[in-house]
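Architecture and fold: a report
Letter by letter, the chains look like this.
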Protein chains: 4
Amino acid sequence: MTASKSSIWFTDHLSPFEGHLYGVRNILFSTQTKYQKIDILQTDGYGRCLVLDGKMQSSEADEFIYHEALVHPAMLTHPNPKRVFIVGGGEGATIREIVRYPSVEKVVMIDIDQEVVEASRRYLPEWSQGAFDDSRVTVAYFDARRYLEENADVYDVIIIDISEPVDDGPAYLLYTKEFYEVVTKRLGPEGVITLQAGTTAGSLPCLAAVYNTLKTVFPVVAPYLASIPSFGLPWGFILASKGPDPGSLTKEEVDRRITCLPSASTENGVLRYYHGGLHHAQFVLPKHIREAMGTQVRIIEDNYPISVYN
Amino acid sequence: MTASKSSIWFTDHLSPFEGHLYGVRNILFSTQTKYQKIDILQTDGYGRCLVLDGKMQSSEADEFIYHEALVHPAMLTHPNPKRVFIVGGGEGATIREIVRYPSVEKVVMIDIDQEVVEASRRYLPEWSQGAFDDSRVTVAYFDARRYLEENADVYDVIIIDISEPVDDGPAYLLYTKEFYEVVTKRLGPEGVITLQAGTTAGSLPCLAAVYNTLKTVFPVVAPYLASIPSFGLPWGFILASKGPDPGSLTKEEVDRRITCLPSASTENGVLRYYHGGLHHAQFVLPKHIREAMGTQVRIIEDNYPISVYN
Amino acid sequence: MTASKSSIWFTDHLSPFEGHLYGVRNILFSTQTKYQKIDILQTDGYGRCLVLDGKMQSSEADEFIYHEALVHPAMLTHPNPKRVFIVGGGEGATIREIVRYPSVEKVVMIDIDQEVVEASRRYLPEWSQGAFDDSRVTVAYFDARRYLEENADVYDVIIIDISEPVDDGPAYLLYTKEFYEVVTKRLGPEGVITLQAGTTAGSLPCLAAVYNTLKTVFPVVAPYLASIPSFGLPWGFILASKGPDPGSLTKEEVDRRITCLPSASTENGVLRYYHGGLHHAQFVLPKHIREAMGTQVRIIEDNYPISVYN
Amino acid sequence: MTASKSSIWFTDHLSPFEGHLYGVRNILFSTQTKYQKIDILQTDGYGRCLVLDGKMQSSEADEFIYHEALVHPAMLTHPNPKRVFIVGGGEGATIREIVRYPSVEKVVMIDIDQEVVEASRRYLPEWSQGAFDDSRVTVAYFDARRYLEENADVYDVIIIDISEPVDDGPAYLLYTKEFYEVVTKRLGPEGVITLQAGTTAGSLPCLAAVYNTLKTVFPVVAPYLASIPSFGLPWGFILASKGPDPGSLTKEEVDRRITCLPSASTENGVLRYYHGGLHHAQFVLPKHIREAMGTQVRIIEDNYPISVYN
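Residues numbered from 1 in each chain as written. Chains lettered and ligands numbered in written order. Predicted model: local features only at pLDDT ≥ 70, side-chain atom pairs only at ≥ 80, totals over all residues.

**Observations concerning the overall build of chain A**
Our working rule: Put simply, DSSP marks the helices as runs of H or I at least four residues long and the strands as runs of E at least two long, and each gets a number from the N terminus on. We compute the radius of gyration over the C-alpha atoms and compare it with the globule rule, which gives 2.2 Å times the number of residues raised to the power 0.38. Three exposure classes are used. Buried residues have 20 or more other C-beta atoms within 10 Å of their own C-beta, exposed residues have 12 or fewer, and partly exposed residues fall in between, all C-beta atoms being placed from the backbone. It is the C-beta atoms, placed from the backbone, that decide contacts: two residues are in contact if theirs lie within 7 Å.
The number of helices and strands found in chain A is 10 helices and 12 strands. For 310 residues, the compact-globule estimate of 2.2 N^0.38 gives 19 Å, and the C-alpha radius of gyration of chain A, at 18 Å, lies within 12% of that figure. Expressed along its principal axes, the backbone C-alpha trace of chain A runs to roughly 55 × 45 × 40 Å. Out of the 310 residues in chain A, the part that is buried amounts to 56%. Contacts in chain A between residues far apart in sequence, at least 24 positions, make up 69% of those at least 6 positions apart.

**As for the relation of the copies chain A and chain B**
Our working definition: A least-squares fit on C-alpha atoms brings the copies together, and the residues used are those whose pLDDT is at least 70 in both copies.
With an axial shift of 0.0 Å and an RMSD of 0.0 Å, the rotation relating chain A to chain B amounts to 180°. Taken together, the turn and the small shift mark the pair as related by a two-fold rotation axis. The residues that chain A uses at the interface reappear at the interface of chain B in 100% of cases, marking a shared surface.

**Overview of helix α1 (residues 63-77) of chain B**
All names here are of chain B. Rules: What a helix should span is 1.5 Å times the count of its residues minus one. The angle separating two fitted axes, one through the seven residues that finish at a residue and one through the seven that start at it, defines the bend at that residue.
Taking 1.5 Å of rise per residue, 15 residues should cover 21 Å, and α1 covers 22 Å from first to last C-alpha, within 8% of that figure. The largest bend in α1 comes to about 30°, at V71, with the proline P73 one to four residues further on. Counting buried residues in α1 gives 15 out of 15 residues, a clear majority hidden from the surface.

**A word on the interface of chain A and chain B**
Convention followed: Here the term charged refers only to Asp, Glu, Lys and Arg, the term nonpolar to Ala, Val, Leu, Ile, Met, Phe, Trp, Tyr, Cys and Pro, and the term polar to all other amino acids, Gly among them.
Across the boundary between the two partners, chain A contributes 36 residues, which contact 36 residues of chain B. Ranked by residue count, the leading element in the side of chain A that touches chain B is strand β2 (residues 18-32) of chain A, at 6 residues. Its residues assigned to classes, the side of chain A that touches chain B shows 16 nonpolar, 15 polar and 5 charged.

**Remarks on the relation of the copies chain D and chain A**
Least-squares fitting of chain D to chain A yields an RMSD of 0.0 Å, with the superposition described by an axial translation of 0.0 Å and a rotation of 180°. Of the interface residues in chain D, 100% have counterparts in chain A that sit at the interface too, so the contact is made through matching surfaces.

**Brief notes about the domain arrangement of chain A**
One frequent convention defines the size of an interface as the accessible area lost when the parts assemble. All names here are of chain A. Cut-off, in case you're wondering: Source of the domain bounds: an automatic or database domain assignment.
According to the domain assignment, chain A consists of domain 1 (9-58) and domain 2 (63-295). Spacing between the C-alpha centres of domain 1 and domain 2 amounts to 22 Å. Listed per partner, the contact involves 21 residues of domain 1 and 21 residues of domain 2. Of all the secondary-structure elements, those providing two or more residues to the side of domain 1 that touches domain 2 are β1 (8-15), β2, β3 (37-43), β4 (47-52) and β5 (55-59). Here the residues of the side of domain 1 that touches domain 2 are counted per class, giving 11 nonpolar, 6 polar and 4 charged.

**Comments concerning helix α6 (residues 177-185) of chain A**
Residues and elements named next belong to chain A. Convention followed: Think of the arc as the fan of directions from the helix axis to the C-beta atoms.
For α6, the complete set of buried residues consists of F179, Y180 and V183. Looking straight down α6, one finds its buried side chains confined to an arc of 95°; they lie on one side. Exposed and facing more than 90 degrees away from the buried side of α6 are E181 and K185.

**Structural notes on the pairing of strand β5 (residues 55-59) of chain C**
Residues and elements named next belong to chain C. Short version of the rule: Whether two strands pair comes down to DSSP finding at least two bridges between them.
β5 sits mainly inside the fold: 5 of its 5 residues count as buried. Where strand β4 (residues 47-52) and β5 come together, 4 bridges link them in antiparallel fashion. When the bridges of β5 are listed, L50 appears paired with S58. Count of turn residues in the β4/β5 antiparallel hairpin: 2 residues, of which D53 carries a positive phi of about 50°.

**Focus: the pairing of strand β2 (residues 18-32) of chain B**
Two elements, β2 of chain A and β2 of chain B, share 5 bridges in a ladder whose sense is antiparallel. Counterpart to G19 of chain A in the pairing with β2 of chain B is L21 of chain B. Where strand β1 (residues 8-15) of chain B meets β2 of chain B, 6 bridges bridge the pair, whose relative direction is antiparallel. What sits directly across from T11 of chain B, in β2 of chain B, is L21 of chain B. Linkage of β1 of chain B to β2 of chain B, two consecutive antiparallel strands, is achieved through a turn of 2 residues. For β2 of chain B and strand β3 (residues 37-43) of chain B, the ladder comprises 7 bridges, and the chain directions are antiparallel. Along β3 of chain B, the bridge assignment pairs Q32 of chain B with K37 of chain B. Between the antiparallel neighbours β2 of chain B and β3 of chain B lie 4 residues.

**Some words on the interface of chain D and chain A**
Between chain D and chain A, the residue contacts involve 13 residues of the former and 13 residues of the latter. Looking at the side of chain D that touches chain A, the elements that each hand over two or more residues are β1 (8-15) and β2 (18-32) of chain D. Judged from the 3 bridges that link them, β1 of chain A and β1 of chain D form a sheet pairing that is antiparallel. Considered in β1 of chain D, the bridge of W9 of chain A is made with W9 of chain D.

**Examining unusual backbone geometry**
Non-glycine residue Q129 of chain A carries a positive phi angle of around 45°. Its 18 C-beta neighbours within 10 Å are what place Q129 of chain A among the partly exposed residues. A positive phi angle, near 50°, is found at D53 of chain C, a position not held by glycine. When the 22 C-beta atoms within 10 Å are taken as the criterion, D53 of chain C is described as buried.

**Re the environment of K215 of chain D**
Within the secondary structure layout, K215 of chain D lies in helix α7 (residues 205-215). In the structure, K215 of chain D is positioned 58 residues away from V157 of chain D in sequence and 18 Å away in space, judged by C-alpha atoms.

**Regarding the sheet that holds strand β6 (residues 83-88) of chain C**
Residues and elements named next belong to chain C. Defined as follows: For helices, the axis comes from a line fit to the C-alpha atoms of the stretch in contact; other axes are also lines fit to C-alpha atoms, and the angle between any two N-to-C directions lies between 0 and 180 degrees.
Read across the sheet, 7 strands follow the order β8-β7-β6-β9-β10-β12-β11 without closing on themselves; strand pairing throughout is mixed. Each edge of the sheet is formed by a strand with only one pairing partner; in this case those strands are β8 (137-141) and β11 (220-226). Neighbour to neighbour, the strand axes of the sheet diverge by 15° on average, direction disregarded. Packing of helix α1 (residues 63-77) onto the sheet brings it into contact with β9 (155-161), β10 (187-199), β11 and β12 (235-241), and relative to β10 it is tilted by some 155°.

**A short note on the sheet that holds strand β6 (residues 83-88) of chain B**
Residues and elements named next belong to chain B. Taken together, 7 strands build an open sheet; the order of strands is β8-β7-β6-β9-β10-β12-β11 and the sheet is mixed. Every other strand in the sheet has two partners, leaving β8 (137-141) and β11 (220-226) as the edge strands with one partner each. The mean angle between the axes of side-by-side strands here comes to 15°, regardless of whether they run parallel or antiparallel. Where strand β10 (residues 187-199) meets strand β12 (residues 235-241), 6 bridges bridge the pair, whose relative direction is antiparallel. When the sheet's bridge partners are listed, V192 is paired in β12 with S241.

**Describing the environment of N26 of chain C**
By secondary structure assignment, the location of N26 of chain C is in strand β2 (residues 18-32). C-alpha of N26 of chain C to C-alpha of V84 of chain C: the two residues are 58 residues apart in sequence and 36 Å apart in space. Once residues lying within four places of it in the same chain are set aside, the contact partners of N26 of chain C are I27 and S30 of chain B together with Q42 of chain C.

**Considering the environment of T176 of chain B**
Residue and element names in this part refer to chain B. Tracing the chain through its elements places T176 in the loop between β9 (155-161) and α6 (177-185). Given 22 C-beta atoms within a 10 Å radius, T176 is considered buried. Setting aside its immediate chain neighbours within four residues, T176 contacts I300, E301, D302 and P305.

**Regarding the confidence of the model for chain A**
Low pLDDT means the predicted atomic positions in that stretch should not be read closely. All names here are of chain A. Our working rule: pLDDT gives the predictor's per-residue confidence on a scale running from 0 to 100.
Residues at a pLDDT of 70 or more form 96% of chain A, whose mean pLDDT is 93. Within the model, the stretch residues 264-268 combines pLDDT values under 50 with 2 contacts to residues more than four positions away or in other chains. Interface confidence in the predicted complex, given as ipTM, is 0.94; pTM for the same model is 0.92.

Below you can see the structure in the form of structure tokens.
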């Protein structure tokens, strides 16, 4: 064994039969909150990482892939996004991507767990890059579903940036038909949402079920793919909208809109992952995934929720 | 811990700092050949798997992704592939994909390790599905590089289906400029090659170096992506040709050609992964990968080879 | 990593916080019986191993330590053991040690799981070394507790050779006061029993509880220690008797009795672990273990059983 | 998997085929010194632990076993220990055990790595319990072998408290015949030494070789055993002397001497592991270990050193 090999490892158990190992240099923060276990790890291969309930959320090395893939499909598909709501989003990187858009006037982020936000601001400041301090942004700690049920404000874009549904975890009831029905009520007529929906490996029960469930609520539902290396498996996302179709924008128009995003700082002012070509290519599913999406019929309901292994 | 969780695990050490864990139900075959260590594992999550020198090569669950992604970009880009050469290809699945094409008259596969082929035929018959017995196919056990150096036959398509370069491993000198110069001499005027070129995670030193090296030899060099879940990380491939450009075929034309492939058996006669849309989408690289390909300048030479961690 | 390092590992989870890793060369046999999961592994470090419900039972390399430590303290302490009963004992090595004694006229072994015995005879023949065929031996597959409850035969020595108590496992009700009360009824006036009672690491809840429980039933209760490397932790055993005290034999007398055991074969005819000095030394507990035994008061009852992590 | 199970693990690779896993709650300190890698871990099962070059040295939960087993056999065997030398001993717990003896006038500890001592004093204060501040103690950072070669002071007891010999590690030349010849020159006429000598598992190449090597230098050489759970395997120690024999003291006399050690604090003033019975019992080796000691003939020399896997 070479001297440089890691001797302390974090294992993300992706399934009862599969895991991904990350060499750990330091455990920067670790606590059990009211809602979940938080670990912030300094890994050897991916830099700092946020781990919730034993599952990798995002890493210094490639969180830009996850967050750009999550946010820009919705923000670019909506013709003029002014009001944006974030379900979850604790790390602050989703806000960072949203406030790039000059059209945005108001961002409301509701995360149930204040301790995740505080730990992220302290230990992972590159994720938010000051975006929490943007004057357009409001952050509150609350059950996002109940917030949307009780507050009648309407948004152009809603980004659902939550962890996977694990038994008794905080995201459990944020994947159901009933929740998406609340979401659609809080969207304007051209409203667009995006969310991550689990791995595309295996029989993709999560991705297909979320897809089917969204189709009962939204007229436009478009699954798309991104590979975030630190996730250990390829990943699926879904865009759903009340009308706008991501495919109606040309590659050139997407690149033009991206070029117009302000680039205050050299390093972070520009997108690192997303571009016009990808805006189209990411929606092209391999045949076996397309077919799996079509053949599964599970609808997720409050009384019949899904959960993934953890 | 649930009763169903695996208690025996194979670890593929992707780097000194990262690994992927596979629950093992059975070790079907294990030997040290003259060239490498072979393990054929019955895994809980991916079915049977071929492991060479401790690195996952392909799994029952998703080898179709790897082999379709490796073979069809070349076979569809060449206008009329008749003679095909395979460097390596021990599992036999690459032959399986090639002999689907009615235009093919001759397939020569040269793998250095007869024991890999024999173990694959015995334990992994679904990989080759009888293709070794196709009358157009010739298999020999030899150093593929020396074979190409010494035999002047010319091919339309050459598929380089080898394991990653590990120190003293059998694929060590099949990633160099000198080898690609031999390959190009054995290609007809519209010759096309494809190969796998390592993960797209991290700073992708392997993928970028192979890309740069191929560009010193071929006029057309096009990297592309595929996600094979059992690999534990997203993966890069490269198509290179003496002229034909994969982008010149329309999506519809690709789908038409695929439709014309004979479908003798219901299950295996049709492609499971590849289609016309993917033929284009897979060549669209995320911005950070595109940029990494452009900024690295390493050329791989016999005197200056590359190797990956194992 | 050196080429010789194992890449497939079995983990015995000794506690939620601790495990022992064994490099695996082959999985010789694996099944789920009505009672438990059986795995017979060819390990790199310990040769063949029997694993039940994910917990190491015995290994080719050091089962002689476990079985000699389990059997001889009782057989040597009883003045003239003729009738011996084995609770469990599936591997057959406990029989092997018992039939060494010329005084033995009858051995009854009752194991609940016929599949363990059959797999052991097939894959681990060195454990029993033909002892199953000894004419004095009777083996039956049945609940040993119920057997003892229903059969009034009396024994000189009873060896309890069972796995640790895991939730819903087959040994669950073989560690309770009620069971030991049955055992004592089936012992002759100088009857002696021995059993393994879990690790001596940590706060030894199992060992101390079994000790306390036995003390409610037997006048002589003597804990002792043995280190079986493949167990990953130091181990505790207990001898209990209706009268005979292991300390009353001199070291020399123990050695003399061992010398009188017939040594038919050179290799296996003689003891490899046990001797007169050890007969005394093993009962000397470190101060912290002695004190832990004294301070814990838990009594194990059918309604209040114990279980260990698995 | 239960919520309480560790998800971050340290693995001590005991051999190429075996390891022990420790759940890690926190990495308190980690550095690469000029001599070795230091990690101080907060484990879930053993409290704080010192790890050098990837190998467990001692844990909060059971370092008392290791240090009492290392120190007291020598201190009790010498009739009147006044001057004590420690080779290594960085954690300070060996000093702690030595200064219990009122007869001790001078303790010299020479450890090559000041950073180990400083990290231990800061993160593991329970190990030394203020003993570094005892006025009889002198600590210096130097090559202990060269120190003994160059300084002609004579000692009653020398405790060799060093890590296992790993390739290029700091303890490499502290296991050789040449070193023990230096040690014997620095011992008074009734001088006694003790040291740890590796696991008793397997073919015990380290323990047997150290035993044979010591026998070429000392008239009395007595191996003994202790089980330190956090070591993952049973462990061997050796006492060697110029004359005093540990067996010549009665159990009662040992207990009397221990009773006379001052017990300033309730918790730490008394021994937790060692007592008169153990003083004798620990020297009783199982038959297979006794025989392995006798059959191996390897002598360790500067030109022919040993090393263990790490």
